[in-house]
Amino acid sequence: MSVDTFPQIAENETFEDVPTNDWTTPKTIEGALPAAAPYDSEMMPPAFRVWIADTADRMQCPPDYLAATLLTLCGSIIGSRCAVKPKALDSWSVVPNLWGMIIGDPSQLKTPSVSEAMRFLSPLIDQARCEHKTKKTDYDLKKMAYDSDCKRLAAEMKGKDKAKRDKANEAMAGLKATEPHPPTMKRYKVNDCTPEKLAELCAENPQGLLSFRDEVVGLLQSFNKQGHEAARGFYLEAWTGTNPFTIDRVMKGSFFIENLCLSVFGTTQPDKIRFYLNDARQGNNDGLIQRFQIMVFPNPIRRKYIDERPDSEAWEQASRTIRKLADLKDFAQRGAELEAWDKIPAFRFDEDAQQTVKDWMQRLDKRLTDDATLTPLLQEHFAKYRSLMPSIALVFHLVEIAQHNDCMERITDSSARMAVKWCDYLESHARRVYNGLGAVGAVGAVTISERIQRRDLTDGFTQRDIQRKCWSGLNNKKAITAALEQLQDADWIVPMPTPQITEQGGRPPATPYAINPNVFQIVTHN
């Protein structure tokens, strides 16, 4: 392409001045982020709506962050204690073991928002610690008595009287059968934990755990390091929430987890998820990122100064509901069925809700088959919504029971419809993430255009110059090539003539690029 063949600028693009040279006016480089659906309070059960609205207003943070955290938190509290059967007759069941991720710039209060929602776990954690302390005291007393009896019988077993030795041997065998075992503390959440310790905690808490990481992409990238391959497999297995898991090691022997159930939630920034998606698109994809079904990336908000007292009634209502949700037991008496092949009790939908589920699943299957705009990564992501929608409906059903102490035998249509709203909402956010942040070329083109305007690149720069800089979204040759092609199409750069290869041969010289001087008058939009 020559400088004389540039297409003209679109009418809706603005520049500081009209070009006065021989170069054509370049086009504006857009960040290509699709719009995301806004949060709707009708997506959440009434027990949480007022608290989310009040907290989001006082903190001046997106309500999406609070809602996504609460939904994942409630799913982890239920864990593998009960399941849902999405179909009316089939035995297929899923547990609400949800994985979530919130994406936003550092200024969007991601961590404070999550911390505020995670405070609902504090009363449960305090109660678990208190109960463990009581059990530990009782265990210590029993262990002291046990050790004393063992010591006494051991002395008698060494005596000269054979009858007394035999009697002591018999008593010791009986005593060993009553050896007290140290109590395990019920855990709800873990933060920084090695895979080995995490496996141990999962074995002690078969109902499930919530693993929270403030920078969750850092956790995912750590699985790519040499020697961490087993950790990746552990997390992949933990997502299902109902399978046993065995760890075999030469030195440490075998370790069995009766039921591996682990929920993962965390925050990240757009630049960091970009790198991970680019790696997944280039073949390093094993379905791990698609397991983060509760993935929200809302638009930034304009904050204003707010100084108001929290709504104590809204807090107490939400906190009380979550405490009751954790105390729910005897699911079979509340309408869940436990058939011969069922591992855990499972709820079914009522007639109206079942029709809602059926219609939604048929629309999903049709979209997965017919929608040509779906990339492979996005198609795999949406395919996992088959378990997401009924899982969310089960969470909302049990939240309703906990709030009103009702005994609704089947999941109602209102819970099913709230779950459908969530899936529609999450679909728009997933498209924003995969098609926006993960779009090959678009992200890199924005980065290079900004660097050109900062004059970090000058006339005659090459692809190798960019690769050496290690800029965001430009970590490989394919991404750089796609970005440069977009900039050529937008008339920002043109390739310059390259020297011919001499008869002595050698590596072909890199193509240099000339920069359109008019780009320094254009405003770049990300």
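Predicted model only: the values in this text are computed from it and were never measured. (Residues numbered from 1 in each chain as written. Predicted model: local features only at pLDDT ≥ 70, side-chain atom pairs only at ≥ 80, totals over all residues. Heavy atoms only, no water.)

**Regarding the sheet that holds strand 4 (residues 209–213)**
Strand pairing within a sheet occurs via backbone hydrogen bonds; the two strands may be parallel or antiparallel. As a reminder of what qualifies: Strand pairing is assigned whenever DSSP detects at least two bridges linking the two strands. Secondary structure elements follow DSSP: runs of H or I of four or more residues count as helices, runs of E of two or more count as strands, with numbering from the N terminus.
Spatially, 3-4-7-2-8 is the arrangement adopted by the five strands of the open sheet, whose pairing is parallel. In the strand order of this sheet, the two ends are held by strand 3 (189–190) and strand 8 (294–296), each with one partner. Inspection of the sheet shows strand 3 paired to strand 4 by two bridges, in the parallel sense. Note on strand 4: the bridge partner recorded for Val-190 is Ser-211.

**Focus on the packing of aromatic side chains**
Worth spelling out the cut-off: Only rings of Phe, Tyr and Trp enter the pairing, Trp through its six-membered ring, and a pair is recorded when the two centres are within 6.5 Å. The plane angle decides the type: under 30 degrees is stacked, over 60 is edge-to-face, the rest tilted. Relative accessibility under 20% of the residue-type maximum defines a buried residue, over 50% an exposed one, and the middle range a partly exposed one, all with a 1.4 Å probe and only protein chains included.
Scanning the model with the defined rule gives 11 aromatic pairs in all. Measuring from centroid to centroid gives 4.9 Å for Trp-51 and Phe-120, while their planes differ by 70°, and the two rings are edge-to-face. Of this pair, Trp-51 sits in helix 1 (residues 46–59) while Phe-120 sits in the loop between helix 3 (110–118) and helix 4 (122–156), and the two are 69 residues apart along the sequence. Side by side, Trp-51 and Phe-120 carry an identical accessibility label, which is buried. With 5.0 Å between their ring centres and 40° between their planes, Phe-223 and Tyr-235 make a pair best called tilted.

**Looking at the pairing of strand 7 (residues 262–268)**
For strand 7, a buried count of seven out of seven residues is recorded, marking the element as mostly surrounded by other parts of the structure. Burial along strand 7 is two-sided: the residues Leu-262, Val-264, Gly-266 and Thr-268 and Ser-263, Phe-265 and Thr-267 are all buried. In terms of strand pairing, strand 2 (residues 100–103) meets strand 7 through four bridges, oriented parallel. Pairing of Gly-100 across the sheet is with Phe-265, part of strand 7. As defined by bridge partners, strand 4 adjoins strand 7 across five bridges and the pair is classed as parallel. Counted as the bridge partner of Ser-211 is Val-264 from strand 7.

**Some remarks on the pairing of strand 6 (residues 253–260)**
In this structure, strand 5 (residues 243–249) lies alongside strand 6, joined through six bridges in antiparallel fashion. Bridge assignment links Asn-243 to a residue of strand 6, and that residue is Leu-260. Between the antiparallel neighbours strand 5 and strand 6 lie three residues.

**So, the pattern of salt bridges**
Applicable threshold: In what follows, salt bridge is the name for a side-chain nitrogen of Lys or Arg lying within 4 Å of a carboxyl oxygen of Asp or Glu.
In this structure the tally under the stated criterion is 28 salt bridges. A salt bridge links Lys-85 to Glu-339; its shortest N-O distance comes to 3.1 Å. With a gap of 254 residues between them, Lys-85 in the loop between strand 1 (83–84) and strand 2 and Glu-339 in the loop between helix 10 (312–327) and strand 9 (346–347) connect regions that are remote in the sequence. According to the relative accessible area criterion, Lys-85 is buried, its value standing at 0%.

**Here's the deal with helix 11 (residues 351–370)**
The criterion, for reference: Each residue after the first adds 1.5 Å to the expected span of a helix. Note: the arc covers the axis-to-C-beta directions of the helix. Distance and chemistry together define a polar contact, namely a pair of N or O atoms within 3.5 Å, with one atom able to donate a hydrogen and the other to accept it when in protein, and with adjacent residues in sequence counting only for side-chain atoms on both sides.
Under the 1.5 Å per step criterion, the end-to-end length of helix 11 is 29 Å for 20 residues, consistent within 8% with the ideal 28 Å. Inspection of helix 11 places Ala-353, Gln-354, Thr-356, Val-357, Trp-360, Met-361, Leu-364 and Leu-368 among the buried residues, and these make up the whole buried set. All buried residues of helix 11 project into a common sector of 155° when viewed along the axis, lining one side. Pointing more than 90 degrees away from the buried face of helix 11 are the exposed residues Glu-351, Asp-352, Lys-366 and Thr-369. N-capping of helix 11 is provided by Asp-350, with a side-chain oxygen placed 3.3 Å from the backbone N of Asp-352.

**Some remarks on the nonpolar core**
The following threshold applies: Only buried residues count toward a nonpolar core, which is a set of Ala, Val, Leu, Ile, Met, Phe, Trp, Tyr and Cys residues joined through side-chain atoms within 4.5 Å. We call two residues contacting when some pair of their heavy atoms lies within 4.5 Å.
With 118 residues, the main nonpolar core has Phe-48, Phe-234, Ile-289, Leu-398 and Trp-422 as its most contacted residues. Here this core takes 12 residues from helix 13 (residues 385–404), the largest share from any one element. Setting aside anything within four residues of it in sequence, one finds Phe-234 in contact with Leu-198, Ala-199, Cys-202, Phe-245, Ile-257, Leu-260 and Leu-262. Core analysis: the next-biggest nonpolar cluster, separate from the first, contains 20 residues, Ala-445, Val-446, Leu-484 and Val-519 among them.

**Overview of the packing of helix 1 against helix 10**
Basically, it comes down to this: The convention used is that axes are lines fitted to C-alpha atoms, helices contributing only their stretch in contact, and that angles between N-to-C directions extend from 0 to 180 degrees. With respect to orientation, any angle under 35 degrees is reported as roughly parallel, any angle over 145 as roughly antiparallel, any angle of 65 to 115 as roughly perpendicular, and every other angle as oblique. Working rule for handedness: look at the near helix, and if it is turned counterclockwise from the far one by less than a right angle, call the crossing left-handed; if clockwise, right-handed. Gly is put with the polar residues, along with every residue not named as nonpolar or charged; the nonpolar set is Ala, Val, Leu, Ile, Met, Phe, Trp, Tyr, Cys and Pro, and the charged set is Asp, Glu, Lys and Arg.
Axis separation between helix 1 and helix 10 bottoms out at 8 Å; the angle between their running directions is 140°. Between helix 1 and helix 10, the angle is such that the two are oblique. Of the two elements, helix 1 crosses helix 10, and the hand of that crossing is left-handed. In contact with Pro-46, Ala-47, Phe-48, Val-50 and Trp-51 of helix 1, helix 10 contributes Ala-314, Trp-315, Gln-317, Ala-318, Thr-321 and Ile-322. Residue composition of the contact of helix 1 with helix 10, grouped by class: nine nonpolar, two polar and no charged.

**With respect to the side chain of Lys-110**
To be explicit about the condition: For the charge count, each Lys or Arg is scored as positive and each Asp or Glu as negative, with His and the chain ends excluded.
Checked against the element boundaries, Lys-110 lands in helix 3. Of the side chains bearing the opposite charge, Glu-215 lies closest to the buried Lys-110, which forms no salt bridge; the N-O distance is 6.8 Å. Among the polar contacts made by the side chain of Lys-110, one reaches the main-chain carbonyl oxygen of Gly-104 at a distance of 3.0 Å. Side-chain polar atoms of Lys-110 contact the backbone oxygen of Asp-105, separated by 3.2 Å. Those residues within four positions of Lys-110 in sequence are excluded, and the remaining contacts are Tyr-65, Ile-102, Ile-103, Gly-104, Asp-105, Thr-267, Thr-268 and Gln-269.

**Thoughts on unusual backbone geometry**
With a phi angle near 60°, Leu-109 is a residue other than glycine that sits in the positive phi range. Along the chain, Leu-109 falls in the loop between strand 2 and helix 3. Despite not being glycine, Asp-330 shows a phi value in the positive range, around 50°. In this structure, Asp-330 sits in the loop between helix 10 and strand 9.

**Notes on the packing of helix 10 against helix 13**
Where helix 10 meets helix 13, the axes come as close as 8 Å, and the angle between the chain directions of the two elements is 110°. Of the possible angle classes, the one that applies to helix 10 and helix 13 is roughly perpendicular. Facing Gln-317, Thr-321, Lys-324 and Leu-325 of helix 10, the residues of helix 13 in contact are Leu-398, Val-399, Ala-402 and Gln-403. By residue class, the composition of the contact of helix 10 with helix 13 is four nonpolar, three polar and one charged.

**Overview of the side chain of Arg-81**
Inspection of the secondary structure assignment puts Arg-81 in the loop between helix 2 (63–78) and strand 1. For Arg-81, which is buried and forms no salt bridge, the nearest opposite charge comes from Asp-327, at a distance of 7.2 Å. Polar contacts involving the side chain of Arg-81 include one to the main-chain carbonyl oxygen of Leu-325, which spans 3.0 Å. The contacts of Arg-81, once residues within four sequence positions are left out, are Gln-207, Leu-325, Ala-326, Leu-328, Phe-331, Ile-344 and Pro-345.

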